[in-house]
Amino acid sequence: MSKLKFLFLAFLAVPLAALPSGAQTYLGVEAVLRRVEEMSAKTNADQKADEQDKLRGDLKTFIQNAPALSPADSAKQWLDLVDRAVKTQLQQR
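Residues numbered from 1 in each chain as written. Predicted model: local features only at pLDDT ≥ 70, side-chain atom pairs only at ≥ 80, totals over all residues. Heavy atoms only, no water.

Caption draft 1: The pattern of salt bridges, seen in detail. On inspection of all chains with the given rule, the structure shows four salt bridges. When the shortest N-O distance is used, the salt bridge between Arg-56 and Asp-53 registers 3.1 Å. Here Arg-56 and its partner Asp-53 are both found in helix H3 (residues 29-65), three residues apart, which amounts to about one turn of the helix. Take Arg-56: its relative accessible area is 48%, and that puts it in the partly exposed class. For Asp-53, a relative accessible area of 46% translates into the label partly exposed. One salt-bridge network, held together by shared partners, links Lys-54, Asp-58 and Arg-84. (Salt bridge = Lys/Arg side-chain N within 4 Å of Asp/Glu carboxyl O. Helix = DSSP H or I, 4+ residues; strand = E, 2+ residues; numbered from the N terminus. Buried < 20%, exposed > 50% of the residue type's maximum accessible area, 1.4 Å probe, protein only.)

Given below as structure tokens:
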């Protein structure tokens, strides 16, 4: 390995803490894109979890209220819950 390559690699190995503060905030294009993807994935995961939690809560409410509902209302609400469950499952894929 040439001396120039060694110095270049040694410079890259310097921890970020030793660099000036302006250099610490620079991420580069790849790092920024990676962070955007990670944040997007987390947001999507959070939304899916929220949808699932809401569906579970609505299902519990339906189970509690179903005996007091007319057969037509009970069937309509049940089918709405099934449709939502299927949509939630498809969105996870």
